Amino acid sequence: NAGVTQTPKFQVLKTGQSMTLQCAQDMNHEYMSWYRQDPGMGLRLIHYSVGAGITDQGEVPNGYNVSRSTTEDFPLRLLSAAPSQTSVYFCASRSLAGEYNEQFFGPGTRLTVL
Amino acid sequence: ILNVEQSPQSLHVQEGDSTNFTCSFPSSNFYALHWYRWETAKSPEALFVMTLNGDEKKKGRISATLNTKEGYSYLYIKGSQPEDSATYLCAYLPNAGGTSYGKLTFGQGTILTVHP
């Protein structure tokens, strides 16, 4: 099992550019989510999905789009990058079956917007 | 926005000291409380998932307790070692119609540094 994978690991964008951060998991988890991590702010939820075709907004969704066409993949799209989106992005997944379901995180993508 | 708060923000201890941190969360509509350990330059990894009031979990020198009625959880580390240095995160999962479909909300974490 590869677990949760993210690409790329690092990315530099110019203001106004768009890009997609890729996330995939091979554990057949229903729930997938995207967080951003900023100094002093902890992990903040951007968007999440409880299954293919179902997505919803988290705490800080503005400037980001997601889609979930398969159980495995949950890409995050930055529509028009801004310096305020400079951050480390983590994708995560967990099973929705049962109660004791820990969340598994990808390795993170460090994004810099100039 | 759900309020999940952790204290202290940071903690410095000497090797061999025992320590504990607090996570407070909404006491209503509770489903589960998660604890994660996050080492620098790595991803968070789960320590415990707790669901029942009065629950106690243990993994080696680390243990956690849960009080859902008053909305707090404690994480204890006995005999801290330098390799315990990390950020410890708690996360609150609300009850979504009796399911775990809710949004997992994280606290800001407690940064632990254990000095040799």
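Quick note: structure is the one above.
This one's a predicted model, so the numbers in the text were calculated from it and none came from an experiment. Each chain has its residues counted from 1, following the order in which its sequence is written. Working convention: letters from A go to chains and numbers from 1 go to ligands, in the order in which they are written. pLDDT decides what is reported in this predicted model: residues at 70 or higher carry local features, side-chain atom pairs at 80 or more are listed and counted, and totals for whole chains, interfaces and linings draw on all residues regardless. Side-chain numbers come from the whole structure's heavy atoms, not from hydrogens or water.

Q: Which parts of the structure should I look at to understand the interface of chain B and chain A?
A: For this analysis, residues touch if any pair of their heavy atoms sits within 4.5 Å. If you look at the interface, chain B gives 22 residues, while chain A gives 25 residues. Here the quantity called buried area is the total loss of accessible area, with a 1.4 Å probe, experienced by two parts when brought into contact, counted for both. Between chain B and chain A, the buried area comes to about 1900 Å², and carbon and sulfur atoms account for 60% of it. The largest contributions to the chain B side of the interface with chain A come from W38, Y101 and K103 of chain B, which together make up 25% of the buried area. Nitrogen and oxygen atoms within 3.5 Å of one another constitute a polar contact, given that in protein one can donate a hydrogen and the other can accept it, and given that sequence-neighbouring residues count only through two side-chain atoms. At the boundary of chain B and chain A, one finds four residue pairs in polar contact (both at pLDDT 80 or more). Where the side of chain B that touches chain A is concerned, the elements lending two or more residues are β4 (30-38), β5 (45-50) and β9 (86-94) of chain B. Think of it this way: any DSSP run of H or I at least four residues long counts as a helix, any run of E at least two long counts as a strand, and we number them from the N terminus. Considering each element in turn, the side of chain B that touches chain A owes the most residues, four residues, to β4 of chain B. For the side of chain B that touches chain A, the residue count by class is 13 nonpolar, six polar and three charged. Polarity classes work like this: nonpolar for Ala, Val, Leu, Ile, Met, Phe, Trp, Tyr, Cys and Pro, charged for Asp, Glu, Lys and Arg, and polar for all others, with Gly in that last group.

Q: Quick question: what am I supposed to make of the sheet that holds strand β1 (residues 5-7) of chain B here?
A: Across a sheet, paired strands are connected by hydrogen bonds in the backbone, their directions being either parallel or antiparallel. Residues and elements named next belong to chain B. The criterion for strand pairing is that DSSP finds at least two bridges linking the strands in question. Read from one edge of the open sheet, five strands run β1-β3-β8-β7-β6, paired in antiparallel fashion. Among the strands making up the open sheet, the edge pair consists of β1 and β6 (56-59). Across the sheet, the mean angle from the axis of one strand to that of its neighbour is 15°, orientation sign disregarded. Bridge analysis of strand β3 (residues 19-24) against strand β8 (residues 72-77) gives six bridges, and the strand direction is antiparallel. Residue T19 lies in a different strand from β8, and its bridge partner there is I77. As a rule, the C-alpha atoms of each element are fitted with a line to give its axis, helices using only the stretch in contact, and angles between N-to-C directions run from 0 to 180 degrees.

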